[in-house]
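Inside the fold
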Amino acid sequence: MTDDVTWMDATAQAALVKSGAVSPSELVDGAVARIEKLNPELNAVIHPLFDRARAAAAGPLPDGPLRGVPLLLKDLGAELAGTPFCEGSAFAGDYHSTVDQELTKRFLAAGFVVCGKTNTPEFGILPTTEPRRFGPSRNPWNTAHSTGGSSGGSAAAVASGMVPVAHANDGGGSIRIPASCCGLVGLKPTVARVSMAPQYGDLMGGLVAEHVVTRSVRDSAAILDAVAGPVPGDPYWAPPRRGPSFATAASTEPGALRIAVMTASPTGSPVHADCVEATEKTAALCASLGHQVEPAALAVDGDAFTEHFINVWAAGNAWTLLDWESRVGRRAGEEDVEPLTWSLVEIGRSLDSGRYLQSRQELQKITRQIAEYFEGIDVLLTPTLGETPAPLGTFDSPPGEPLAGLFRAAAYVPFTPPFNVTGQPGISLPLHWNAGGLPIGVQFVGRFGDEETLLSLAGQLEQAAPWADRRPPVSA
């Protein structure tokens, strides 16, 4: 196996396996070697599963579309029976999963070989990956900077060349944020596009979506084809796609689209000049490709949105701790979790059921407002983040102020949470790097259920301004 395979995407690696040019064992051995080389500096993989991976690669793998390709699972959400599972928290102890998540089953059926599990902030709360239990993951573009979160370990692993793809999920931007920070493709699908069975119907009132971070648009599309779809008993599911496959959409010209551009934060927070510039340059690129580009006229009450989102988010964290208490068989105390986590849990516990449902209702009103606006456009273009990738430690809370990091995070990620609330698909694309060599992602948001338009546009942009040859300083 040549070193060239390292930087091939998952689709290309699978084609080599199918042709017999490379074996699954060779791909897995290469991934293990790269993880062992790079992980001491990046701290992306916290639970190596190398023996398991080698045994799977040498065995009768399913004849799926990604047969033999190495994959990492984020240690949040994607359970794999018999392996460590702790979602970034010391409270989990040495808990091992007892079930496979449906998504994990579909990854395995597609032929992926799981090589390990990646780092995440405690319970996925912050937009950086710096849990106290495992320490910070480091950005391969500059190791003094954050990978983003909460899928930061996955993003660092893919960006550095450890593996071509890794699992990720997104409750307020946790696919798109690390994709932006690490120079990757990060698609958050429509809510309920990917099932959360068997453990859950939905998470945090429908805020959370499951997928992956990748280096290519076609990988994101092909993997969505492999994992999308409901199972019996799911409380609801996304509308069916229009065309034959998401992969077909990614390789099809989108036609002339009406694209609205928004660079101002919906919550009124400042937006870094690099993020504005990246968005404006992307808008110009879209116009040069024949799309109709116009300023956005999307007005949202930022204060109301923030209040109600935090209520739902805090209630979700109160539930998360209850869920973990049932797993480990004991009550959690303040000393068992990080101070921010405990403060959010206390806020969640302080909400009565009426206040929680009121916040859900108000967010649904905002969803209808945004959906009405999208009747007049095809796609919304925004910065992915309000700032460049943050230095490590940016979201630390000082003693006695446990919520300070969360408030700081709100200014960092004003553009992603609204579309967890609406359930719409959003994708961060690595179209720009700033003068300091840090990736600056841009976000495209589509109508509810319409990943196909996003993937068609993303594929077109990837051809017009390719990013595949970029390599971070810390890489294979």
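In this report, we go over the structure that sits alongside the text. Nothing here was measured: the structure is a model prediction, and the numbers come from that model.

Scoring rules and cut-offs
Residues numbered from 1 in each chain as written. Predicted model: local features only at pLDDT ≥ 70, side-chain atom pairs only at ≥ 80, totals over all residues. Heavy atoms only, no water. Helix = DSSP H or I, 4+ residues; strand = E, 2+ residues; numbered from the N terminus. Rg over C-alpha atoms; globule rule 2.2 N^0.38 Å. Contact = heavy atoms within 4.5 Å. Areas by Shrake-Rupley, 256 points an atom, 1.4 Å probe, with all protein chains shown as cover. Core = buried A, V, L, I, M, F, W, Y, C linked by side-chain atoms within 4.5 Å. Buried < 20%, exposed > 50% of the residue type's maximum accessible area, 1.4 Å probe, protein only. Lys, Arg positive; Asp, Glu negative; His and termini not counted. Salt bridge = Lys/Arg side-chain N within 4 Å of Asp/Glu carboxyl O. Polar contact = N/O pair within 3.5 Å; in protein donor to acceptor, adjacent residues only side chain to side chain. Disulfide = S-S within 2.5 Å. Phe/Tyr/Trp six-rings, centres within 6.5 Å; stacked < 30°, edge-to-face > 60°. Lys NZ or Arg CZ within 6 Å of the ring centre and 35° of its normal. Axes fitted to C-alpha atoms, helices over the stretch in contact; angles between N-to-C directions. Parallel < 35°, antiparallel > 145°, perpendicular 65-115°, else oblique. Left-handed = near helix turned anticlockwise from the far one by under 90°. Nonpolar A, V, L, I, M, F, W, Y, C, P; charged D, E, K, R; others polar. Pairing = 2+ DSSP bridges.

Tallying secondary structure elements over the chain gives 15 helices and 11 strands in all. Whereas a compact globule of 476 residues would reach a radius of gyration of roughly 23 Å, the chain reaches 20 Å, a difference of no more than 12%. Summarising its shape, the C-alpha atoms of the chain cover approximately 60 × 55 × 45 Å along the three principal directions. Once local pairs closer than 6 in sequence are excluded, the contacts in the chain between residues at least 24 apart make up 79%. Taken as a whole, the chain presents about 17000 Å² of accessible surface, with 53% of it coming from carbon and sulfur.

Take the nonpolar core next. Core analysis: the biggest nonpolar cluster contains 130 residues, and F107, F112, L380, L429 and F444 have the highest contact counts within it. For this core, the element with the highest residue contribution is helix α10 (residues 302-328), accounting for 7 residues. The residues contacting F444, other than those within four sequence positions of it, are T282, C286, V379, L380, L381, P425, G426, I427, L429, L454, L457 and L461.

A turn of α-helix holds 3.6 residues, and therefore any two residues three or four places apart point the same way. Every buried residue of helix α4 (residues 102-109) is accounted for by E102, L103, T104, R106 and F107. Residue G111 follows α4 closely and has a positive phi angle near 105°.

Mapped onto the elements, R215 comes out in the loop between β6 (209-214) and α7 (217-227). Buried and unpaired, R215 has no salt bridge, with D219 as the nearest side chain of opposite charge at 6.9 Å. In terms of polar contacts, R215 uses its side chain to reach the backbone carbonyl oxygen of V163, at 3.2 Å.

Structurally, the position occupied by Q364 is in helix α12 (residues 353-374). Using a relative accessible area of 36% as the deciding quantity, one classes Q364 as partly exposed. The spatial distance from the C-alpha of Q364 to the C-alpha of A465 is 37 Å, given a sequence separation of 101 residues.

This paragraph deals with the state of the cysteines. Under the defined criterion, the tally for this structure stands at 0 disulfides. C181 takes part in no disulfide bond, and the closest cysteine sulfur to it belongs to C182, at a distance of 6.1 Å. Taking relative accessible area as the criterion, C181 reaches 0% and is therefore assigned buried.

One pass over the structure, following the stated rule, counts 9 aromatic pairs. Between the aromatic rings of Y95 and W324, the centroid separation amounts to 5.3 Å while the plane-to-plane angle is 80°, which identifies the pairing as edge-to-face. One end of the pair, Y95, is in the loop between β2 (70-74) and α4; the other, W324, is in helix α10, with 229 residues separating them in the sequence. For the pair formed by Y95 and W324, the shared burial category is buried. What links up through ring pairs into an aromatic cluster is the set F85, Y95 and W324. Above the plane of the ring of F246 lies R241, whose end atom (NZ or CZ) is 5.5 Å from the centre. Note that R327 overlies the ring of W324, its terminal NZ or CZ placed 5.0 Å from the centroid.

With that settled, the discussion passes to the pattern of salt bridges. Per the counting criterion, the structure on display carries 20 salt bridges. Where E325 meets R349, a salt bridge forms, and the shortest distance between an N and an O atom there is 4.0 Å. Linking E325 in helix α10 with R349 in helix α11 (residues 339-350), this pair joins segments that are 24 residues apart in sequence. One continuous salt-bridge network, built from bridges that share partners, spans E79, D323 and R327.

With that settled, the discussion passes to the side chain of S359. Considering the arrangement of structural elements, one finds S359 in helix α12. For S359, a relative accessible area of 0% puts it in the buried group. Not counting the four nearest positions on each side in its chain, S359 is found in contact with H308, N311 and V312.

Let's shift gears to the environment of F123. Note that F123 resides in the loop between β3 (113-118) and α5 (152-160). For the pair formed by F123 and V337, sequence separation is 214 residues and the distance between their alpha carbons is 9.8 Å. If we ignore the near neighbours within four places in the chain, the residues touching F123 are L76, E87, S89, N317, T320, L321, W324, V337 and T341.

We now examine the packing of α10 against α12. In a pair of packed helices, the angle between the axes and the distance between the axes together describe the arrangement. Orientation of α10 relative to α12, taken along the N-to-C sense of each, is 130°, at an axis distance of 9 Å. By the angle between their directions, the pair α10 and α12 is classed as oblique. α10 and α12 meet at a crossing whose hand is left-handed. Of α12, the residues touching α10 (which contributes F305, E307, H308, F309, N311, V312 and A315) are R355, Y356, S359, R360, E362, L363 and I366.

In this section: the environment of A297. Residue position: A297 is located in the loop between β8 (292-295) and α10. Residues A297 and M262, 35 residues apart in the sequence, show an inter-C-alpha distance of 8.0 Å.

This brings us to the packing of α4 against α7. The interhelical angle for the contact between α4 and α7, taken along N-to-C directions, is 115°, at an axis separation of 9 Å. On the basis of their axis angle, the class for α4 and α7 is roughly perpendicular. For α4 against α7, the interelement crossing comes out right-handed. Of α7, the residues touching α4 (which contributes L103, R106 and F107) are I223, A226 and V227. Across the contact of α4 with α7, the residue classes break down as 5 nonpolar, no polar and 1 charged.

Here we take up the pairing of strand β11 (residues 439-446). When you tally the buried positions in β11, you get 8 out of 8 residues, the bulk of the element. Burial along β11 is two-sided: the residues P439, G441, Q443 and V445 and I440, V442, F444 and G446 are all buried. In this structure, strand β9 (residues 379-383) lies alongside β11, joined through 5 bridges in antiparallel fashion. From the neighbouring strand, T382 faces β11, where its bridge partner is Q443. Where strand β10 (residues 426-433) lies against β11, 6 bridges are found, and the strand directions are antiparallel. By the bridge assignment for β11, W433 is matched with P439. In this structure, the hairpin formed by β10 and β11 is closed by a connection of 5 residues, where G437 is found at a positive phi of approximately 80°.

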